[in-house]
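Architecture and fold: a report
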Amino acid sequence: MKHFALLYFCFLFALSAFSEEIAIEHATLYPISGGVIQEGTILIRNGIIAEVGTGVNVSDAARRIEGRGKHVMPGIIDTHSHMGVYPWPGVDANSDGNEATDPITAHVDALDSVSPEDPAFQRAAAGGATTVQILPGSANLIGGKAITVHVIPGAVTVDQIVFKEAPRGIKMALGENPKRVYGTRNQLPSTRMGNFYLLRDAFTKTVEYRDKWERYNKKQTKEPPEKNLKWETLLQVLDGKILVHVHCYRADEMMHMIEIADQFNFKITSFQHSLEAYKVADILAKRNIAAATWADWWGFKVEAWKGIPWNAAHLVSKGVVVNLHTDSSDLVQRMNVEAEKTLKYGMSEADALKTITIWPAKMLGIDRYVGTLEKGKKADIVMFDGPPLSIYSHVLLTMVEGRTTYERRAK
């Protein structure tokens, strides 16, 4: 009965996406790509933004949403989530985020662990989140593939929430976590030098694997090499087909990781949890490596002691692409408040909004589709009852591709 109800919900959800024209009228709009628009209208057709601005013509057939006194911005995007791979309730039976049996598990895929029925998706939608990247945990040096999904409560299968245009990512992790997990087993890695040795070893074996296949394809050998899904995945990293996201707190470790990337000729897309990125901001900007960090989380373990609340604003001032990520199914419910906090430490309001919209979209390779209110983009939208950068504002409505994923009940 439960599954029937969910399927019915999904049927209605899909049907509503393409069966009507929607107009949000008279609202204060935050396009992100330009200045704030007062008394503006967004016209949505077939799940896509058809028009944005003032003086938009709306047909009589359109469903009209009164936006007077309301504030509308693009849906919020989080580049670091474990929703679905650690679904609520947090019991061992639901712990599917870390394949902690080998420090190099490039061949496993978060897509296979995601439970779309995790109640956290509903809570995230209530906070205005429309897109998240779900990664494996940080027990392993290479933890597996990440998947970008739409936040759609009530989905039954992961296929219903996958952001199909998004390139795949891969999770790597440095520092305390992998050396703690395996060091307590008296196994490599138990130190940071063990961490980097195993990373170099993995990419060395990947290059050898590629060489074997090239010799076979050139008919220099008779027997094909045995297929290895681990090295196949890392080959996609070397070929630039997978975005590399590295969990890393310390600036010196960021530099070591960049050395490895240079040695094996691959690109790092982002450093996640990058609390010390402010120390190497110029280098990150020059290399176009993004930084995902928090507004004011630090000090929860030794490698997180040197975080500063000015980190995000300083990185932005140096030209680094920044996302205020969460790593939390709780924090994702109020990312607008996290962005608000950065104002105290030197961020402009326009840039603070970018840290939860267009910049994370760029990190995930989906900025062509979401992250701003522009004609032709997906109608991923959140509407507040006050300015989005205010702790006193509430989310009234969240939409993914023009479909309602959350609506606040009137009191």
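Residues numbered from 1 in each chain as written. Predicted model: local features only at pLDDT ≥ 70, side-chain atom pairs only at ≥ 80, totals over all residues. Heavy atoms only, no water.

**Let's talk about the nonpolar core**
To keep things clear, this is the line we draw: Residues belong to one nonpolar core when they are buried, are Ala, Val, Leu, Ile, Met, Phe, Trp, Tyr or Cys, and are joined through side-chain atoms within 4.5 Å. Throughout this description, buried means an accessible area under 20% of the type-specific maximum (1.4 Å probe, protein chains only), exposed means over 50%, and partly exposed covers the range between. We call two residues contacting when some pair of their heavy atoms lies within 4.5 Å.
The biggest cluster of nonpolar side chains holds 94 residues, and the ones touching the most others in it are Phe203, Phe266 and Phe271. Leave out the neighbours within four places in its chain, and phenylalanine 203 touches Ile142, Met172, Leu234, Val237, Leu238, Ile260, Phe264 and Phe266. Core analysis: the second largest hydrophobic core is formed by 16 residues, Ile22, Ile24, Ala27 and Leu396 among them.

**Regarding unusual backbone geometry**
Heads up, the condition is: Labels follow the DSSP assignment, with helices taken as runs of H or I lasting at least four residues and strands as runs of E lasting at least two, numbered in each case from the N terminus.
A cis amide bond links tryptophan 88 to the next residue, proline 89, at an omega of -5 degrees. Cis geometry marks the peptide bond from leucine 188 to proline 189, where omega comes out at -5 degrees. Mapped onto the elements of the fold, proline 189 is located in the loop between helix H3 (176-183) and helix H4 (192-217). Positive phi outside glycine occurs at glutamate 39, with the angle close to 55 degrees. The residue glutamate 39 is located in strand E2 (residues 37-45) in this model.

**Things to note about the confidence of the model for the chain**
Our working definition: A residue's pLDDT is simply how confident the predictor is in it, with values from 0 to 100.
Of the residues in the chain, 95% have a pLDDT of 70 or more, and the chain-wide mean is 95. In this model, residues 1-12 is a region of pLDDT below 50 whose contacts with residues beyond four sequence positions or in other chains number twelve contacts.

**Focus: the packing of aromatic side chains**
Just so we agree on the cut-off: Each pair of aromatic rings taken from Phe, Tyr and Trp, with Trp reduced to its six-membered ring, is defined by centres within 6.5 Å and is described as stacked if the planes are under 30 degrees apart, edge-to-face if over 60, and tilted in the remaining cases. Geometrically, a charge over a ring is one whose NZ (Lys) or CZ (Arg) sits within 6 Å of the ring centre while staying within 35 degrees of the ring normal.
This model, assessed by the stated rule, comprises ten aromatic pairs. Ring geometry for tryptophan 294 and tryptophan 297: centres 5.5 Å apart, planes at 35 degrees, overall tilted. An aromatic cluster is present here, built from Tyr249, Trp294, Trp297 and Phe300 joined pairwise through their rings. Above the face of the tryptophan 231 ring, lysine 230 is positioned so that its terminal group lies 5.5 Å from the ring centre.

**Overview of the pairing of E2**
Put simply, the rule reads: Paired strands are those between which DSSP finds at least two bridges.
Of the pairings in the sheet, the one linking strand E1 (residues 21-29) to E2 comprises six bridges and is antiparallel in character. Across the sheet, the residue bridging to leucine 29 is isoleucine 37, located in E2. One ladder, built from five bridges, connects E2 with strand E3 (residues 48-53); its direction is antiparallel. If you follow threonine 41 over to E3, its bridge partner there is glycine 53. Here E2 hands over to E3 after two residues, with asparagine 46 in that stretch at a positive phi of 55 degrees.

**A look at the packing of H4 against helix H6 (residues 251-264)**
Our working definition: Interaxial angle, 0 to 180 degrees, is taken between N-to-C directions of lines fitted to C-alpha atoms, where a helix line uses only the stretch in contact. Here roughly perpendicular refers to angles of 65 to 115 degrees, roughly parallel to angles under 35, roughly antiparallel to angles over 145, and oblique to all remaining angles. For a crossing to be left-handed, the near helix must be turned anticlockwise from the far one by less than a right angle; the clockwise case is right-handed. Polar here means any residue outside two lists: the nonpolar Ala, Val, Leu, Ile, Met, Phe, Trp, Tyr, Cys and Pro, and the charged Asp, Glu, Lys and Arg; Gly therefore counts as polar.
Where H4 contacts H6, the axes come no closer than 11 Å and their chain directions differ by 15 degrees. Our classification of the angle between H4 and H6 gives roughly parallel. Along this stretch, H4 crosses H6, giving a crossing that reads as right-handed. Contacts from Arg192, Phe196, Leu199, Arg200, Phe203, Thr204 and Val207 of H4 reach H6 at Glu253, His256, Met257, Ile260, Gln263 and Phe264. A class-by-class count of the residues in the contact of H4 with H6 yields seven nonpolar, three polar and three charged.

**Focus on the sheet that holds strand E12 (residues 290-293)**
On the basis of which strands lie adjacent, the open sheet formed by eight strands has the order E6-E7-E8-E9-E10-E11-E12-E13 and mixed pairing. Edge strands, defined here as strands with exactly one partner in the open sheet, are strand E6 (76-81) and strand E13 (322-324). Each strand of the sheet is rotated relative to its neighbour by a mean of 25 degrees, with strand direction disregarded. Where strand E9 (residues 169-173) meets strand E10 (residues 243-247), five bridges bridge the pair, whose relative direction is parallel. In the sheet register, alanine 173 faces E10, and the bridge partner there is histidine 247.

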